[in-house]
Amino acid sequence: AGPGRARVVGAAEAVAGAAVLAVPSRPSLAAAALLYAALAAFAVRLLRSGPVASCGCFGADDAPPSRLHAAFDAGAALLLAVAAVSPPPGIAALAARAPLAGVGLVAGCCAAAYAVTLVLGRLPQALAAYRPRREAA
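Parameters at a glance
Residues numbered from 1 in each chain as written. Predicted model: local features only at pLDDT ≥ 70, side-chain atom pairs only at ≥ 80, totals over all residues. Heavy atoms only, no water. pLDDT = per-residue confidence, 0-100. Helix = DSSP H or I, 4+ residues; strand = E, 2+ residues; numbered from the N terminus. Patch = residues over 30% accessible without salt bridge, like charges linked within 9 Å, V, L, I, M, F, W, Y side chains within 5 Å. Areas by Shrake-Rupley, 256 points an atom, 1.4 Å probe, with all protein chains shown as cover. Salt bridge = Lys/Arg side-chain N within 4 Å of Asp/Glu carboxyl O. Buried < 20%, exposed > 50% of the residue type's maximum accessible area, 1.4 Å probe, protein only. Expected span 1.5 Å × (residues − 1). Core = buried A, V, L, I, M, F, W, Y, C linked by side-chain atoms within 4.5 Å. Contact = heavy atoms within 4.5 Å. Disulfide = S-S within 2.5 Å. Bend = angle between axes of the 7 residues up to and from the residue. Axes fitted to C-alpha atoms, helices over the stretch in contact; angles between N-to-C directions. Parallel < 35°, antiparallel > 145°, perpendicular 65-115°, else oblique. Left-handed = near helix turned anticlockwise from the far one by under 90°. Nonpolar A, V, L, I, M, F, W, Y, C, P; charged D, E, K, R; others polar.

A. Examining the confidence of the model for the chain more closely. Summary statistics for the chain give a mean pLDDT of 84 and a share of 92% for residues scoring 70 or more. Per-element averaging of pLDDT across the chain places helix 4 (residues 91–97) at the bottom with 80 and helix 3 (residues 67–85) at the top with 94.

B. Quick look at a nonpolar patch on the surface. A cluster of nonpolar side chains, Leu68, Val119, Leu123 and Leu127, forms an exposed patch at the surface whose accessible area comes to about 330 Å². If one sorts the elements of the nonpolar patch by residue count, helix 5 (residues 99–129) sits on top with 3 residues. Among the structural elements, Val119 can be located in helix 5. A residue is classified by how much of its surface remains accessible, and Val119, at 38% relative accessible area, is partly exposed.

C. Focus on the environment of Leu79. Of note, Leu79 is situated in helix 3. When the C-alpha positions of Leu79 and Leu29 are compared, they lie 9.3 Å apart, and in sequence the two are 50 residues distant.

D. Representation of helix 2 (residues 26–48) within the structure. If you check helix 2, its first and last C-alpha atoms are 33 Å apart, about what 23 residues at 1.5 Å a residue would give, namely 33 Å. One or two positions beyond helix 2, positive phi appears at Gly50, with a value near 110°.

E. Quick peek at the nonpolar core. Ala16, Val20, Leu29, Ala32, Ala33, Leu35, Tyr36, Leu39, Ala76, Ala77, Leu80 and Ala84 together form the largest nonpolar core, which totals 12 residues. At 6 residues, helix 2 tops the list of elements feeding residues into this core. Leu29 has contacts with Val20, Pro24, Leu80, Ala83, Ala84, Pro87 and Pro88, leaving out every residue within four places of it along the chain.

F. Molecular detail of the environment of Leu123. Structurally, the position occupied by Leu123 is in helix 5. Counting along the chain gives 66 residues from Leu123 to Cys57, while the straight-line C-alpha distance between them is 15 Å. Setting aside its immediate chain neighbours within four residues, Leu123 contacts Leu68 and Leu118.

G. Inspection of the state of the cysteines at higher detail. Inspection of the entire model under this criterion finds 0 disulfides. Of all cysteine sulfurs in the structure, the one in Cys109 sits closest to Cys110, which takes part in no disulfide; the separation is 7.0 Å.

H. Representation of helix 5. Here helix 5 contains 31 residues, and its C-alpha end-to-end distance of 44 Å stays within 8% of the 45 Å for a straight helix at 1.5 Å per residue. The largest bend along helix 5 measures about 40° and falls at Arg122, with the proline Pro124 one to four residues further on. Of the residues making up helix 5, those classed as buried are Gly102, Leu120 and Gly121. The secondary structure elements touched by the buried residues of helix 5 are helix 3 and helix 4.

I. Structural context of the side chain of Ser28. Mapped onto the elements, Ser28 comes out in helix 2. For Ser28, a relative accessible area of 12% puts it in the buried group.

J. Main features of the packing of helix 2 against helix 3. Running from amino to carboxyl end, helix 2 crosses helix 3 at an angle of 160°, the nearest separation of the two axes being 8 Å. Taken as axis vectors, helix 2 and helix 3 run roughly antiparallel relative to one another. When you trace helix 2 past helix 3, the crossing you get is left-handed. Within the contact between the two elements, helix 2 uses Arg26, Leu29, Ala30, Ala32, Ala33, Tyr36, Ala37, Leu39, Ala40, Ala43, Val44 and Leu47 and helix 3 uses Arg67, Ala70, Phe72, Asp73, Ala74, Ala76, Ala77, Leu80, Ala81, Ala83, Ala84 and Val85. Classifying every residue of the contact of helix 2 with helix 3 gives 21 nonpolar, no polar and 3 charged.

Pasting the structure below:
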């Protein structure tokens, strides 16, 4: 779709994620669920269209779309939809209850987000590169 559209979708994802983390509400969780459902559908469409060099999700350090990526997006959409039924407290509410734990929570969220980008961007390539050795008969 081009870098301009990819940036707009990335910005929408960042805004939806920030809204869900800061003040999770039914509308913000439902919007994020719809966004992830659309991302899952897009990943599936790319997978069905044949070999694609990049899905555009990780910028310059991108990888081709994978079934893992599509499954992650679908799973995120499902979890967000379930959370929309009874929204949990946001980071601000949790940090107000326990400020030091709030710092750890924010750091953990950042680490988890980075781990997801590594897993989605690199694990499929690593698994495809693995070729078991055949034992000599």
